[in-house]
Amino acid sequence: VQLVESGGGLVQAGGSLRLSCAASGSTFSIKTMGWYRQAPGKQRELVAAITSGGNSTNYADSVKGRFTISRDNAKNTMYLQMNSLKPEDTAVYYCNAQRGLGKISFPDAWGQGTQVTVSS
């Protein structure tokens, strides 16, 4: 599975961005997907995740009420709508896909990352 993120950029505080993650390859093996981020000098953290059918999501406390995760399985694409952005949201955002078939798990797939910079 290959994951390619897009939609990052520079935005002022209070603004919005929409990230996309397009999957290709063995997409039938993709289960839960998520967005992670890593700021300079900090560990990578989970921002939001969504189950394979899209019926369950979870968010980091820091983004609840501001970010919305979604996926379109017909397009093999996941999204992250980010509103009311804050300077502390500045980071490289990575797309992640958990993979498996039945009870067999495969290594996670990761995208290359997209930079989000929020200016104050």
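Refer to the structure above for everything that follows.
Nothing here was measured: the structure is a model prediction, and the numbers come from that model.

Draft legend 1. Highlighting the overall build of the protein. Secondary structure assignment for the protein yields zero helices and 11 strands. For the protein, the proportion of contacts with a sequence separation of at least 24, taken over those separated by at least 6, is 54%. When the accessible area of the protein is evaluated, it comes to approximately 6,300 Å², of which 48% is carbon and sulfur surface. Considering the protein, the positive charge centre built from 12 side chains and the negative charge centre built from 7 side chains are found 5 Å apart.

Draft legend 2. Structural context of the nonpolar core. Met33, Trp35, Leu80, Met82 and Tyr93 are the most contacted members of the largest nonpolar core, which totals 28 residues. Those residues within four positions of methionine 82 in sequence are excluded, and the remaining contacts are Gly15, Ser16, Leu17, Leu19, Arg66, Phe67, Tyr93 and Val116.

Draft legend 3. Structural view of the pattern of salt bridges. Applying the stated criterion across every chain yields a total of four salt bridges. The closest approach of N and O atoms between aspartate 89 and arginine 37, which form a salt bridge, is 3.0 Å. Placement of the pair is aspartate 89 in the loop between β8 (77-82) and β9 (91-101) and arginine 37 in strand β4 (residues 30-38), with a sequence separation of 52 residues. For the pair shown, aspartate 89 and arginine 37 are each scored as buried. Close ionic contact of arginine 66 with aspartate 89 constitutes a salt bridge, the shortest N to O distance being 2.8 Å.

Draft legend 4. Broad picture of the sheet that holds β8. The antiparallel open sheet is built from four strands, whose spatial order is β1-β3-β8-β7. Edge strands, defined here as strands with exactly one partner in the open sheet, are β1 (2-6) and β7 (67-72). Sheet twist, expressed as the average angle between the axes of neighbouring strands with direction ignored, equals 15°. With six bridges connecting them, strand β3 (residues 17-24) and β8 associate as antiparallel partners. Following the sheet pairing, leucine 19 is matched in β8 by leucine 80.

Draft legend 5. Region of the structure containing the pairing of β1. Alternating positions in β1 separate cleanly, Leu3 and Glu5 being buried on one face and Gln2, Val4 and Ser6 remaining unburied on the opposite face. Two elements, β1 and β3, share five bridges in a ladder whose sense is antiparallel. Looking at β3, one finds that glutamine 2 is bridged to serine 24.

Draft legend 6. Structural view of the environment of alanine 39. With respect to the helices, strands and loops of the structure, alanine 39 is situated in the loop between β4 and β5 (45-50). Separated by 36 residues in sequence, alanine 39 and leucine 3 place their C-alpha atoms 20 Å apart. Ignoring anything within four residues of it in the chain, the contact list for alanine 39 reads Thr90 and Ala91.

Draft legend 7. Broad picture of the state of the cysteines. The tally for this structure, following the rule as stated, stands at one disulfide. Covalent S-S linkage joins cysteine 21 and cysteine 95, the inter-sulfur distance amounting to 1.9 Å. Its S-S torsion of approximately -70° makes the covalent link between cysteine 21 and cysteine 95 left-handed. Placement of the pair is cysteine 21 in strand β3 and cysteine 95 in strand β9, with a sequence separation of 74 residues. For cysteine 21, a relative accessible area of 0% translates into the label buried.

What counts and what doesn't
- Residues numbered from 1 in each chain as written.
- Predicted model: local features only at pLDDT ≥ 70, side-chain atom pairs only at ≥ 80, totals over all residues.
- Heavy atoms only, no water.
- Helix = DSSP H or I, 4+ residues; strand = E, 2+ residues; numbered from the N terminus.
- Contact = heavy atoms within 4.5 Å.
- Areas by Shrake-Rupley, 256 points an atom, 1.4 Å probe, with all protein chains shown as cover.
- Lys, Arg positive; Asp, Glu negative; His and termini not counted.
- Charge placed at Lys NZ, Arg CZ, Asp CG, Glu CD.
- Core = buried A, V, L, I, M, F, W, Y, C linked by side-chain atoms within 4.5 Å.
- Buried < 20%, exposed > 50% of the residue type's maximum accessible area, 1.4 Å probe, protein only.
- Salt bridge = Lys/Arg side-chain N within 4 Å of Asp/Glu carboxyl O.
- Pairing = 2+ DSSP bridges.
- Axes fitted to C-alpha atoms, helices over the stretch in contact; angles between N-to-C directions.
- Disulfide = S-S within 2.5 Å.

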